[in-house]
Amino acid sequence: MDCNRDINNSRNNNMYYNQMKRQNSVKKKNKSFANQEVKPSDIVFVIDGFEAYFYTFYFISVPYMTGVLFLFLAIAGGDFGSLVILDLTAFFIVWAIGYEIVATVSLIWIFVLFLKYDDGMDY
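Residues numbered from 1 in each chain as written. Predicted model: local features only at pLDDT ≥ 70, side-chain atom pairs only at ≥ 80, totals over all residues. Heavy atoms only, no water.

1. A few points about the nonpolar core
Stage number 1. Counting residues in hydrophobic clusters, the biggest one holds seven residues: Tyr64, Val68, Leu71, Ala76, Leu83, Val94 and Trp95.
Stage number 2. Listed by contribution, the elements that provide at least two residues to this core are helix H3 (51-75) and helix H5 (91-116).
Stage number 3. No other element matches H3, which puts three residues into this core.
Stage number 4. Filtering out sequence-adjacent residues up to four positions away, Val68 remains in contact with Leu83 and Val94. (Core = buried A, V, L, I, M, F, W, Y, C linked by side-chain atoms within 4.5 Å. Buried < 20%, exposed > 50% of the residue type's maximum accessible area, 1.4 Å probe, protein only. Helix = DSSP H or I, 4+ residues; strand = E, 2+ residues; numbered from the N terminus. Contact = heavy atoms within 4.5 Å.)

Structural data, given as structure tokens:
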């Protein structure tokens with residue numbers, strides 16, 4: 001009788017061990033907004049293997065084009081003749097203006113996503 005109890009206990013221990021292994025291997029759902037996995041390739045177009053080139057291009061060109069657009073609309077009043085008079089050769093200044101605009105819009109976008117986030121938990 002003691003022999004049967006030992007065998008059953010060993011079987012129960014193996015089942016418990018396998019259940020614990022299965023629970024640890026299951027990927028847990030992120031519970032908070034800050035724990036989400038974010039891939040830049042999901043946001044912008046990139047080709048596999050050329051990510052560094054694309055991200056460098058985006059980092060330089062998007063703020064610069066945003067700065068030129070801002071200068072065209074806000075400073076030159078939408079007049080191309082006035083835009084030509086402005087010194088657009090000061091690359092860093094135009095880029096910095098665009099960078100601030102892109103950063104502000106990005107932070108507002110992240111804040112809106114945070115407000116829309118639903119973690120599925122009932123309190």
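2. Thoughts on the packing of aromatic side chains
Stage number 1. This structure, assessed with the given rule, holds nine aromatic pairs.
Stage number 2. Taking 5.7 Å as the distance between ring centres and 85° as the angle between the ring planes, the aromatic pair formed by Phe45 and Phe54 counts as edge-to-face.
Stage number 3. Judged by its relative accessible area of 55%, Phe45 is exposed.
Stage number 4. Geometrically, the ring pair formed by Trp95 and Tyr99 is stacked, given 5.1 Å between the ring centres and 20° between the ring planes. Taken as a pair, Trp95 and Tyr99 lie in helix H5 at a separation of four residues, close to a single helical turn. (Phe/Tyr/Trp six-rings, centres within 6.5 Å; stacked < 30°, edge-to-face > 60°.)

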